[in-house]
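One letter stands for each residue in the lines below.
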Amino acid sequence: IWGLGAQMAVHDIVTQRWDLVSFPSNFVLCQNVTFELRDTQGRAPQGVLAAMLWGSSVDAIVGAYRSAISGPTSLAAQVFDVPVLSFGSTAASLSDKDSYPGFSRTIPPDAVAAFVMA
């Protein structure tokens, strides 16, 4: 399902189809967006392999969902100075910018979420 969402988002950006939002007529979000979907199969070595194969040919890596995959993938991508953005990795250790300088997330770490729920 996540892959389908990514495909739809890229299609909407490339075709500049904005059914749900409105932009000024001269607005340009981007000129060229491409993506390649890789399934890590829930295994960190697959994420590391993808990061190493892409090397510096990508501007960013989106994923993985699990912290156990995002951490090693981020370390591999760091070799090429490629940032990694996760939408589901919540491990507090990933907040350490000395260890994971290129890692970002769109969800808070577990400790923050637990504090908010308490």
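Residues numbered from 1 in each chain as written. Predicted model: local features only at pLDDT ≥ 70, side-chain atom pairs only at ≥ 80, totals over all residues. Heavy atoms only, no water.

Brief notes about the packing of helix α2 (residues 44–54) against helix α3 (residues 67–78)
- For the pair α2 and α3, interaxial distance at closest approach is 8 Å and the crossing angle is 25°. Put simply, α2 runs roughly parallel to α3. In the crossing of α2 with α3, the sense of the turn from one axis to the other is right-handed. Across the interface between the two elements, Ala-44, Gly-47, Val-48, Ala-51 and Met-52 from α2 touch Ala-68, Ile-69, Pro-72, Thr-73, Ala-76 and Ala-77 from α3.
- Of the residues assigned to the contact of α2 with α3, the class counts are nine nonpolar, two polar and no charged. (Axes fitted to C-alpha atoms, helices over the stretch in contact; angles between N-to-C directions. Helix = DSSP H or I, 4+ residues; strand = E, 2+ residues; numbered from the N terminus. Parallel < 35°, antiparallel > 145°, perpendicular 65-115°, else oblique. Left-handed = near helix turned anticlockwise from the far one by under 90°. Contact = heavy atoms within 4.5 Å. Nonpolar A, V, L, I, M, F, W, Y, C, P; charged D, E, K, R; others polar.)

Considerations on α2
- Within α2 the residues assigned to the buried category are Gly-47, Ala-50, Ala-51 and Trp-54. Projected onto a plane normal to the axis of α2, the buried residues spread over an arc of 95° and lie on a single side. Residues of α2 that are exposed and point more than 90 degrees away from the buried face comprise Pro-45 and Leu-53.
- Residues of α2 that are buried in the fold lie against β1 (61–62) and α3. (Buried < 20%, exposed > 50% of the residue type's maximum accessible area, 1.4 Å probe, protein only. Arc of directions from axis to C-beta.)

Re the sheet that holds β1
- An order of β1-β2-β3 is seen for the three strands of this open sheet, with the pairing classed as parallel. Only two strands of the sheet have a single partner each, and these edge strands are β1 and β3 (103–105).
- Relative to β3, strand β2 (residues 84–86) is paired through three bridges, and the arrangement is parallel. From the neighbouring strand, Ser-86 faces β3, where its bridge partner is Arg-105.
- Against the sheet, α3 engages β1, β2 and β3, with an angle of about 160° to β2. (Pairing = 2+ DSSP bridges.)

Things to note about the confidence of the model for the protein chain
- Per-residue confidence for the protein chain averages 82 on the pLDDT scale, and 74% of its residues sit at or above 70.
- By mean pLDDT, the top-scoring element of the protein chain is α3 (94), and the lowest-scoring one is helix α1 (residues 2–15) (64). (pLDDT = per-residue confidence, 0-100.)

Looking at the nonpolar core
- In this structure, Ala-50, Ala-51, Trp-54, Ile-61, Ala-76, Ala-77, Val-82, Val-84, Leu-94, Tyr-100 and Phe-103 together form the largest nonpolar core, which totals 11 residues.
- Within the residue set of this core, elements represented by two or more residues are α2 and α3.
- It is α2 that contributes the most residues to this core, three residues altogether. (Core = buried A, V, L, I, M, F, W, Y, C linked by side-chain atoms within 4.5 Å.)

Things to note about the side chain of Arg-105
- Inspection of the secondary structure puts Arg-105 in strand β3.
- Among buried charged residues, Arg-105 stands out as having no salt bridge; its nearest opposite-charge side chain is Asp-110, 7.3 Å away.
- Of the polar contacts made by the side chain of Arg-105, one reaches the backbone oxygen of Ala-91; its length is 3.1 Å.
- At a separation of 2.5 Å, a polar atom in the side chain of Arg-105 contacts the side chain of Ser-95.
- Contacts of Arg-105, omitting those with residues within four sequence positions, involve Leu-85, Ser-86, Ser-89, Thr-90, Ala-91, Ala-92, Leu-94 and Ser-95. (Lys, Arg positive; Asp, Glu negative; His and termini not counted. Salt bridge = Lys/Arg side-chain N within 4 Å of Asp/Glu carboxyl O. Polar contact = N/O pair within 3.5 Å; in protein donor to acceptor, adjacent residues only side chain to side chain.)

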